[in-house]
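Chain by chain, the residues run as shown.
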Amino acid sequence: MTTSLADVGSSGATLRAFLHGLPGVDRVGADQRAAMLGTRSIKTSAKAMAIDLAISMVDLTTLEGADTHGKVRAMCTKAMHPGEGAPRVAAVCVYPDLVAVAAGALRGSGVKVASVATAFPSGRTSLEVKVSDTALAVAAGADEIDMVIDRGAFLSGDYLKVYEEIVAVKAACGSAHLKVILETGELSTYDNVRRASWLAMLAGADFIKTSTGKVAPAATPPVTMIMLEAVRDFRDETGRQVGVKPAGGIRTTKDAIKNLVLVNETAGEDWLSPDWFRLGASSLLNDLLMQRQKLTTGRYAGPDYFTLD
């Protein structure tokens, strides 16, 4: 790459030239490779390890208008103690006004508090509101902020606006980690997914995330694979490691394990950790716990054995 990465964000023209100079994505090849990796079979002992690893990577999420303090506290209890012998999850993700509730319930547990911000899920508001939204969530106790990019600006080619908004939100995060949601279902092409991934990382993202979970398609295997390729290549270029979070549509243990295979085969073992890979989900955890119990006892639990999320 001929452009100095330190200078990429200096102007809209420089940023555009860099992003459009990235190698194009072979859509047929990406689809075929993701499908092939999805056929990998993981057996008994390795499957048990994979299930526990997946549980430890879950961002247990509730992002509904009907969320209550009681629901969040119950979710936090489940996050800390998912099931007998099971590891705790990585984080609980809630709206900004519920951060203080989650932070109080999770204090001292090691489970992070994540919060969506920046006018989630549309991202359609002023930069001032986005920065304020972020700062308020961090002040309330959020360890991680999940921001959404302005897809309208990105798709119209105003890359510099998107870049500068990420830089500003990252500054408002202080010590909190920033996950940048690309909403890949609205980006239309795999080339745009690659460009948006690099744009977010260049602007300072600690994680890049596929989706809000409110738009379909969400975390498809080819899109996740392209983002994993991006973080791998970005580390090769810069020495800085960035995490990946697929979210939306990941509901079964089989889905989770397919994602772990994608990580291992695309980015490598360095990303097989909750520090660098997360699974955004609400219903996934119960299926992981059911499959875990099946491997341990030889029997499936009844559908009412685990609490609903």
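Now for a description of the structure that goes with this document. (Residues numbered from 1 in each chain as written. Predicted model: local features only at pLDDT ≥ 70, side-chain atom pairs only at ≥ 80, totals over all residues. Heavy atoms only, no water.)

**Concerning the environment of serine 10**
Thought 1: Tracing the sequence through the fold places serine 10 in the segment before helix H1 (12-20).
Thought 2: Assessed through its relative accessible area of 57%, serine 10 is described here as exposed.
Thought 3: Here the side chain of serine 10 touches aspartate 7 through a polar contact of 2.7 Å, landing on its backbone oxygen. (Helix = DSSP H or I, 4+ residues; strand = E, 2+ residues; numbered from the N terminus. Buried < 20%, exposed > 50% of the residue type's maximum accessible area, 1.4 Å probe, protein only. Polar contact = N/O pair within 3.5 Å; in protein donor to acceptor, adjacent residues only side chain to side chain.)

**Some points on the packing of aromatic side chains**
Each aromatic ring pair is described using two quantities: the centre-to-centre distance and the angle formed by the ring planes.
Thought 1: In total, this model carries four aromatic pairs according to the counting rule given.
Thought 2: An aromatic cluster is built from Phe18, Trp198 and Phe234, whose rings are joined through pairwise contacts.
Thought 3: In this structure, arginine 27 packs its charged tip against the face of tyrosine 190, placed 4.0 Å from the ring centre. (Phe/Tyr/Trp six-rings, centres within 6.5 Å; stacked < 30°, edge-to-face > 60°. Lys NZ or Arg CZ within 6 Å of the ring centre and 35° of its normal.)

**Section: helix H4 (residues 69-80)**
Thought 1: Its twelve residues place the ends of H4 17 Å apart at the C-alpha level, agreeing with the 16 Å of an ideal helix rising 1.5 Å per residue.
Thought 2: Here the buried face of H4 lies against strand S1 (58-61), strand S2 (91-94), helix H5 (99-106) and helix H12 (284-297). (Expected span 1.5 Å × (residues − 1). Contact = heavy atoms within 4.5 Å.)

**Looking at the pairing of S2**
Thought 1: Of the two faces of S2, the one carrying Ala91 and Cys93 and the one carrying Val92 and Val94 are both buried.
Thought 2: Across three bridges, S1 lies against S2 in parallel orientation. Paired with threonine 61 across the strands is cysteine 93, a residue of S2.
Thought 3: Read from S1 through H4 to S2, the crossover connection turns out right-handed.
Thought 4: The pairing of S2 with strand S3 (residues 112-117) spans four bridges and is parallel. Looking at S3, one finds that valine 92 is bridged to valine 113.
Thought 5: Regarding the hand of the β-α-β motif, the stretch spanning S2, H5 and S3 is right-handed. (Pairing = 2+ DSSP bridges. Right-handed = clockwise from strand over helix to strand, strands pointing away.)

**With respect to the state of the cysteines**
Thought 1: Evaluation of the coordinates by the stated rule reveals zero disulfides.
Thought 2: Here cysteine 93 is not cross-linked by a disulfide; its sulfur's nearest cysteine counterpart is in cysteine 76, at 11 Å.
Thought 3: The class of cysteine 93 is buried, set by a relative accessible area of 1%. (Disulfide = S-S within 2.5 Å.)

**So, the pattern of salt bridges**
When their charged atoms lie close together, side chains carrying opposite charge are able to pair.
Thought 1: The final tally for this structure, using the stated rule, is 19 salt bridges.
Thought 2: Between aspartate 150 and lysine 161 there is a salt bridge, with its nearest N and O atoms 3.4 Å apart. Taken together, the positions of aspartate 150 in the loop between strand S4 (144-148) and helix H7 (151-155) and lysine 161 in helix H8 (residues 159-173) put the pair eleven residues apart, joining distant regions of the chain.
Thought 3: Looking at aspartate 150, the relative accessible area reads 5%, which means it is buried.
Thought 4: Judged by relative accessible area, which is 36%, lysine 161 ranks as partly exposed. (Salt bridge = Lys/Arg side-chain N within 4 Å of Asp/Glu carboxyl O.)

**Remarks on helix H9 (residues 190-202)**
Thought 1: When the terminal C-alpha atoms of H9 are compared, their 18 Å separation across 13 residues agrees well with the 18 Å that a helix rising 1.5 Å per residue should span.
Thought 2: The set of residues buried in H9 consists of Tyr190, Asn192, Val193, Arg194, Arg195, Ala196, Ser197, Trp198, Leu199, Ala200, Met201 and Leu202.
Thought 3: Just past H9, the residue glycine 204 takes up positive phi, approximately 115 degrees.

**As for unusual backbone geometry**
Thought 1: In this chain, phenylalanine 120 is followed by proline 121 through a cis amide linkage whose omega measures 0 degrees.
Thought 2: Relative to the assigned elements, proline 121 resides in the loop between S3 and helix H6 (127-140).
Thought 3: At the junction of alanine 216 and proline 217, the peptide bond is cis and its omega measures out at -5 degrees in the coordinates.
Thought 4: By secondary structure assignment, the location of proline 217 is in the loop between strand S6 (207-209) and helix H10 (221-238).
Thought 5: The residue threonine 118 is not glycine, and still its phi comes out positive at about 60 degrees.
Thought 6: Of note, threonine 118 is situated in the loop between S3 and H6.
Thought 7: Assessed through its relative accessible area of 0%, threonine 118 is described here as buried.

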